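# Tertiary structure, described
Given next are the chains, with one letter for each unit.
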Amino acid sequence: MTMTFLAPGFADPSHDAQRLFRGVLDAFSHPGRIVELRDAPAGPGTLSIAAIGFLLTFADRETPLWLEAGVDKQEVRDFLRFHAGAPIVQAREAATFGVIVAGGGEPFAGFAIGTDTYPDRAATLVIEVPALDGGRSTIWRGPGIDGEVRVAIDGLGDGFWPAWSANHALIPCGVDLVFACGSRLIALPRSIAVEA
Amino acid sequence: MPDTTIQDTLPQDGAYNYAYLDEQTKRMIRRAILKAVAVPGYQVPFGGREMPLPYGWGTGGIQVTAALIGRDDTLKVIDQGADDTTNAVSIRRFFARVAQVATTTHTGEATIIQTRHRVPETPLTDGQILVFQVPIPEPLRMLEPRETETRTLHALSEYGVMQVSLYESIARHGRIAKTYNYPVMVNGRYIMSPSPIPKFDNPKLDRSPALQLYGAGREKRIYAVPPHTPVKSLDFDDHPFEIETWTESCALCGSTESFLDEMIVDDDGKRLFVCSDTDYCESRR
């Protein structure tokens, strides 16, 4: 029998979750803004601190999780099952939240986009990226942005921004994204048009 | 008139979780808020809880505030612009008690402002969150009582019925007679009820640097307008949207730019006009 150690979750669940939620809300209210999730737990290591912080803040037994193969490790499953209580699912369409590693093809295919009558029933995807700046420059416009903002997320594949344009065109349906790197994140709600 | 800084330092009531709601409920509300921000103007259903006050007294706004609030926040609560009315005082003391949060009457000092039926006169800034208490979130409800139908109308962006109702108002009164809860188009997609604020406040919603969150407790809906988002009051080319104007100025501070309430001050029916926004009015005296 092997002993595995579970990484700690929130030290102070109510206040930690509140603080991280406000960080994520700030990011969603200001797409393109780099937000630091202060004092989020480190987690088991495979996922970024920002991804762990996001999932512990929002995921629970009511929100099925989908993990890409690259991050679908036993220690990640154990950590999220224990601290968030979220069921981990194989089918993308069943997931409320998904964790994706940047660079793959068809990043959003198959995830729930909501319906015209219930566009809120769409997945939110956390995309692990190597850096939130220094990549290919893009121009973002839409709700939450005063005019336009330049964002240069690194490590996204060639097909990524065309796929985003197709997602944005589904409005009011579509998935919402969070780009995570280290303890920082950038949110990209479906309402934002990106000029790549 | 209210103190400028209120010290509602009450001991934490150990019988309740921080900010009254349990963590599971807060997570559910937080997920709804995130989707509301992602789809500006769309009413997200949420599992509204029973709150320790009746529907109509701000149960939706309180649940949104409870999901937001933390120890670093400074809370301001207004009712019709005033910090010192029953609803505002009770909600402020509620959060001082269950969330040990600092409270204020100054718009500029607040990080969260919960409001019933007004938008503060002082311009809001980046980082502030305005939480509206909403009685009837569905702007089409008085025109189409069936939820299934209004939901379809929103899905199809089929808003002819609203334009017809505004046209009928012009045909009957010579102008759009609606003075509060005046419908707006958010980001060119969803018609939204701005809650029963006077139409005087509608222009303040347009491209505001603050985040606007709307909570309806009885109807169990949350919706949002992110910062810098276009919010257009509905009108016609030949009947453009106009706000209320007064020939009087505020009897206390002399303002000619704020929303004025008409007060009857004695048995002879003598009238005065005073600012509805008490903090704004005091800051000018």
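The written sequence of each chain sets the order in which its residues are numbered from 1. Lettering for chains starts from A, numbering for ligands starts from 1, and both go in the order in which the items are written. With the structure being a predicted model, the display of local features is reserved for residues of pLDDT at least 70 and the display and counting of side-chain atom pairs for 80 or more, all residues being used for whole-chain, interface and lining totals.

The next point concerns the interface of chain A and chain B. What counts as a contact is two residues whose backbone-derived C-beta atoms lie within 7 Å of each other. At the interface, 29 residues of chain A touch 29 residues of chain B. Under the DSSP-based scheme used, a helix requires at least four consecutive residues in state H or I and a strand at least two consecutive residues in state E, with every element numbered from the N terminus. The element contributing the most residues to the side of chain A that touches chain B is helix α1 (residues 13–29) of chain A, with eleven residues. Of the residues in the side of chain A that touches chain B, the class split is twelve nonpolar, nine polar and eight charged. Three residue categories are used. Nonpolar comprises Ala, Val, Leu, Ile, Met, Phe, Trp, Tyr, Cys and Pro, charged comprises Asp, Glu, Lys and Arg, and polar comprises the others, including Gly.

Let's shift gears to the sheet that holds strand β3 (residues 97–101) of chain A. All names here are of chain A. Pairing between strands is defined by DSSP: at least two bridges between the two strands are required. Read across the sheet, six strands follow the order β1-β8-β7-β4-β3-β2 without closing on themselves; strand pairing throughout is mixed. Strands with a single pairing partner mark the edges of an open sheet, and in this sheet they are β1 (35–36) and β2 (65–67). Here three bridges tie β2 to β3, and the two strands are oriented parallel to one another. Opposite W66, over in β3, you have G98 as the bridge partner. A fitted line through C-alpha atoms serves as each axis, taken over the contacting stretch for helices, and the angle formed by two N-to-C directions is quoted from 0 to 180°. Against the sheet, α1 contacts β1 and β8 (184–188), and its axis sits at roughly 45° relative to β8.

Our next topic: helix α2 (residues 59–68) of chain B. For every residue, the other C-beta atoms within 10 Å of its own C-beta are counted; 20 or more classify it as buried, 12 or fewer as exposed, and values in between as partly exposed. C-beta atoms are placed from the backbone. Burial runs high along α2 of chain B: ten of the ten residues are buried. Along α2 of chain B, the positions that sit buried rather than exposed are T59, G60, G61, I62, Q63, V64, T65, A66, A67 and L68 of chain B.

Residues and elements named next belong to chain B. Boundaries of every domain are those given by an automatic assignment or by a domain database. The domain boundaries assigned to chain B delineate domain 1 (23–137 + 184–233) and domain 2 (246–285). Between domain 1 and domain 2, the C-alpha centre-to-centre distance is 26 Å. Taken together, the contact pairs 14 residues of domain 1 with seven residues of domain 2. In terms of residue class, the side of domain 1 that touches domain 2 is built from four nonpolar, six polar and four charged.

Residue and element names in this part refer to chain A. You can see A84 is positioned in the loop between α3 (74–83) and β3. Sequence spacing of A84 and R61 is 23 residues, and the spatial spacing of their C-alpha atoms is 7.1 Å. Setting aside residues up to four positions removed in sequence, A84 forms contacts with L55, L56, A59 and D60.

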